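The lines below spell out each chain.
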Amino acid sequence: MNLKALFNFNTFLYIRRQNILNSRYFTSKTENDVIVDGKKSIYEIAEETPIYDHDQQEKINEIEKKRDKSRLNPNHRNILFGQRPYNESVKWFHNTVKYKKRMLGRYGMKAVEVPAGFAWPTPEEVEDMKEYERVAYPYSIQEEWARIEEKKRQQAEAIKAREDDISQKMAKLGKWINDLNTRLAKKEADLLEAKKHKERLIEEVRYQLGFDVPIHDEKFKAAMAEKEKEEKKKLKEAKKKLKEEKMLAKLNELSQTNDNATTVPSSDEPIK
């Protein structure tokens, strides 16, 4: 056997071995096949399209599942990669038009199995929307604009009136502060006077009963109550007397006014 025949025999064995190993992964082309000594060329075999069987695809899916370390649910993982959450309907609302519209808007045509025409409103829905717009927005654009302008004008007037009111009150603030200080001073003076009055009553009761009687004694309390009752009676009589004096002064003033208004006729004038 010469050298050329030995080379061809080795090439034939190599090609046959490659065909046996790759028969389950590759399919041969029907066109542009290159034949070398009745067999396909190794270069043509390398360019063939691989075809995986069912078992190989399951192995690939299992490997991809093991590679996923995110611990996400399948629906969450689909959302992460920009796909619709569920490939099949799981809940009842997944078959509703509203849900399918949402999937169409978010993930495109690949997310729905039906034509996109379902997303368009029906004639009944169009009429309902027209009726809603007619009731909810009864004014035209010009009328609505005029109403907005009028509302703005009223708000501006209300703000201006509020600012004017605040300015007037700020102008009176000094007077109000002085009046408040006057009332507080009067109240403090009244409290001080009441305190002094009570201390005076306590001293008078002690003088009557004796200085060794404590103020928490029942006898002292009874005497103190009687003393306060007498003081109230005196105060009431004093107020009554003051009121009578004011009434008398007013009557005297009225009588003098009447006397001055009455004119006495002179001797030169004839008596009628």
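All of these numbers come straight from a predicted model, not from anything done at the bench.

Time to look at the pattern of salt bridges. Taken as a whole and assessed by the stated rule, the structure comprises 13 salt bridges. Across the pair Glu-157 and Arg-153 runs a salt bridge, and its minimum N-O distance is 2.4 Å. Within this pair, Glu-157 and its partner Arg-153 are both found in helix H7 (residues 141–171), separated by four residues, close to a single helical turn. Two residues, Lys-186 and Asp-190, come together in a salt bridge whose shortest N-O distance is 3.2 Å.

All right, on to the packing of H7 against helix H8 (residues 173–209) then. Pairs of packed helices are described in terms of their axes, by the angle between the two and the distance that separates them. Two elements in contact, H7 and H8, have axes whose closest approach is 4 Å; the angle formed by their N-to-C orientations is 45 degrees. The angle between H7 and H8 places the two elements in the oblique class. Mapping the contact onto sequence places Lys-169, Met-170 and Ala-171 in H7 and Leu-173, Gly-174 and Trp-176 in H8. For the contact of H7 with H8, the residue count by class is four nonpolar, one polar and one charged.

We now examine a negative patch on the surface. A surface patch of negative charge is lined by Glu-124, Glu-125, Glu-127 and Asp-128. Mapping Glu-125 onto the fold places it in helix H6 (residues 123–136).

What follows concerns the nonpolar core. With five residues, the main nonpolar core is built from Leu-201, Val-205, Phe-220, Ala-223 and Met-224. Elements represented by at least two residues in this core include exactly H8 and helix H9 (218–261).

Attention now moves to the confidence of the model for the chain. Residues at a pLDDT of 70 or more form 79% of the chain, whose mean pLDDT is 79. Confidence scores differ between elements of the chain, with strand S1 (residues 35–36) showing the lowest mean pLDDT of 47 and H7 the highest of 95. Low pLDDT, under 50, characterises residues 27–37; the predicted model gives this stretch 19 contacts beyond four residues in sequence or across chains. Between residues 39–43, whose pLDDT stays under 50, and residues either more than four places distant or in other chains, the model counts 15 contacts.

A word on H8. Over its 37 residues, H8 runs 53 Å from end to end, which matches the ideal 54 Å to within 8%, given 1.5 Å per residue. Looking one or two residues past H8, Gly-210 carries a phi angle of roughly 115 degrees, positive in sign.

Let us look at H6. The first and last C-alpha atoms of H6 sit 20 Å apart over 14 residues, in line with the 20 Å expected at 1.5 Å per residue. For H6, a buried count of zero out of 14 residues is recorded, marking the element as mostly open to its surroundings.

It is worth spelling out the layout of surface pockets at this point. Its boundaries defined by the atoms lining it, the largest pocket holds a volume of some 200 Å³. For the largest pocket, the lining is made up of 14 residues, of which Arg-84, Ser-89, His-94, Tyr-99 and Glu-113 are closest to its centre. Looking at the lining of the largest pocket, its residues break down into six nonpolar, four polar and four charged.

Moving on: the environment of Glu-226. Along the chain, Glu-226 turns up in helix H9. Distance from Glu-226 to Val-205, taken between C-alpha atoms, is 9.7 Å for residues 21 residues apart in sequence.

Evaluation of the coordinates by the stated rule reveals two aromatic pairs. With a centroid separation of 5.8 Å and 70 degrees between ring planes, the pair formed by Phe-93 and Tyr-99 is classed as edge-to-face. The structure contains a cluster of three or more aromatic residues connected by ring pairs, namely Trp-92, Phe-93 and Tyr-99.

Procedures and definitions
- Residues numbered from 1 in each chain as written.
- Predicted model: local features only at pLDDT ≥ 70, side-chain atom pairs only at ≥ 80, totals over all residues.
- Heavy atoms only, no water.
- Salt bridge = Lys/Arg side-chain N within 4 Å of Asp/Glu carboxyl O.
- Helix = DSSP H or I, 4+ residues; strand = E, 2+ residues; numbered from the N terminus.
- Axes fitted to C-alpha atoms, helices over the stretch in contact; angles between N-to-C directions.
- Parallel < 35°, antiparallel > 145°, perpendicular 65-115°, else oblique.
- Contact = heavy atoms within 4.5 Å.
- Nonpolar A, V, L, I, M, F, W, Y, C, P; charged D, E, K, R; others polar.
- Patch = residues over 30% accessible without salt bridge, like charges linked within 9 Å, V, L, I, M, F, W, Y side chains within 5 Å.
- Areas by Shrake-Rupley, 256 points an atom, 1.4 Å probe, with all protein chains shown as cover.
- Lys, Arg positive; Asp, Glu negative; His and termini not counted.
- Charge placed at Lys NZ, Arg CZ, Asp CG, Glu CD.
- Core = buried A, V, L, I, M, F, W, Y, C linked by side-chain atoms within 4.5 Å.
- Buried < 20%, exposed > 50% of the residue type's maximum accessible area, 1.4 Å probe, protein only.
- pLDDT = per-residue confidence, 0-100.
- Expected span 1.5 Å × (residues − 1).
- 1 Å grid on protein atoms, 1.4 Å probe; cavity = no way out; pocket = protein on both sides within 12 Å on 5 of 7 lines; lining within 4 Å.
- Points joined across faces, edges and corners; volume = space filled by probe spheres on them.
- Phe/Tyr/Trp six-rings, centres within 6.5 Å; stacked < 30°, edge-to-face > 60°.

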